[in-house]
Amino acid sequence: MSFTHPDFDRSLVIREADAEVIGRAPTTIRLLADSHATGGALSTQRVTLAEGVNGANPHHHANSAELSYLLDGTAQLLSGDQLLTAGGDLVVVPPNVPHAFAAAPGESADILIVITPWVDRFEYFRHLELTAYGKVPPESLLDVQELYDT
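Because the structure is predicted, anything quoted here is derived from the model rather than measured. (Residues numbered from 1 in each chain as written. Predicted model: local features only at pLDDT ≥ 70, side-chain atom pairs only at ≥ 80, totals over all residues. Heavy atoms only, no water.)

**Q** Describe the side chain of D34, with residues and values.
**A** Mapped onto the elements, D34 comes out in the loop between β2 (27-33) and β3 (43-49). Buried charge without a salt bridge: D34, with R126 as the nearest opposite-charge side chain at an N-O distance of 5.7 Å. Reaching out from D34, the side chain makes a polar contact with the backbone nitrogen of R121 at a distance of 2.8 Å. When residues no more than four places from it in sequence are discounted, the contact partners of D34 are L42, S43, V119, D120, R121 and F122. (Helix = DSSP H or I, 4+ residues; strand = E, 2+ residues; numbered from the N terminus. Buried < 20%, exposed > 50% of the residue type's maximum accessible area, 1.4 Å probe, protein only. Lys, Arg positive; Asp, Glu negative; His and termini not counted. Salt bridge = Lys/Arg side-chain N within 4 Å of Asp/Glu carboxyl O. Polar contact = N/O pair within 3.5 Å; in protein donor to acceptor, adjacent residues only side chain to side chain. Contact = heavy atoms within 4.5 Å.)

Right under this line is the structure:
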């Protein structure tokens, strides 16, 4: 097991009004801090899902753990072969474990997601937005999955 020391020397503050927003209801992603801004420590985003909306299809990260903290509402999270219902809970998925999340049926969900370490992911979310709006073909995601550890 190895531990990497992040390389940044002052606190990072991202004000809500300054966060880049990707998408619009029923799915909104607020890009908070990318890996390069935290010296490789983490990347974090806030995902808000309307009632019953899918947040992410099953995927895994080969080199990163993913932490999900339910700020509000209720979500269903797939972690490996477990389907968890979470509200106000913390779920941490280790590297290489397939996972997915969605707002629970009839519920909305507001989720803080932290991915650690070493992955700049903001461009991935921007690419997802272009895909959602038909500006790039969905298969273009295949070309960037390894780059973003997805």
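Next comes the rest of the write-up.
**Q** Can you tell me about the sheet that holds strand β6 (residues 75-79), naming the residues and giving the values?
**A** As summarised here, the arrangement of the four strands in space is β4-β9-β6-β7, forming an open sheet in which the pairing is antiparallel. With partners counted over all chains shown, the strands left at the sheet margins are β4 (54-59) and β7 (82-86), one partner each. Direction aside, neighbouring strands of the sheet carry axes that sit 15° apart on average. Sheet topology note: the β6/strand β9 (residues 99-103) ladder contains five bridges and is antiparallel. Looking across to β9, one finds that L77 is bridged to F101. (Pairing = 2+ DSSP bridges. Axes fitted to C-alpha atoms, helices over the stretch in contact; angles between N-to-C directions.)

**Q** Outline the sheet that holds β3, listing residues and values.
**A** In spatial order, the strands read β1-β2-β3-β10-β5-β8; together these six strands make up an open sheet with antiparallel pairing. Each end of this open sheet is capped by a strand with a single partner; those strands are β1 (20-24) and β8 (90-93). Direction aside, neighbouring strands of the sheet carry axes that sit 20° apart on average. Pairing of β3 with strand β10 (residues 109-116), which is carried by seven bridges, proceeds in the antiparallel orientation. Its bridge partner lying in β10, T48 is registered against D110.

**Q** I'd like to hear about helix α1 (residues 122-132), residue by residue, with values.
**A** Buried within α1 are the following residues: F122, Y124, F125, H127 and T131. For α1, the secondary structure elements touched by its buried residues are β1, β2 and β3.

**Q** Can you lay out the pattern of salt bridges for me, pointing to particular residues and giving the numbers?
**A** What the rule picks out here adds up to three salt bridges. In this structure, E20 and R126 form a salt bridge, with 2.5 Å as the shortest nitrogen-oxygen distance. Separated by 106 residues along the polypeptide, E20 in strand β1 and R126 in helix α1 bring together distant segments of the chain. Residue R126 is classed as partly exposed on the basis of its relative accessible area, which comes to 25%. The shortest N-O distance in the salt bridge between E123 and R126 comes to 2.6 Å. Residue E123 and its partner R126 are both found in helix α1; the two are separated by three residues, about one turn of the helix. Given a relative accessible area of 42%, E123 falls into the partly exposed group. Several salt bridges converge on common partners, so that one network encompasses E20, E123 and R126.

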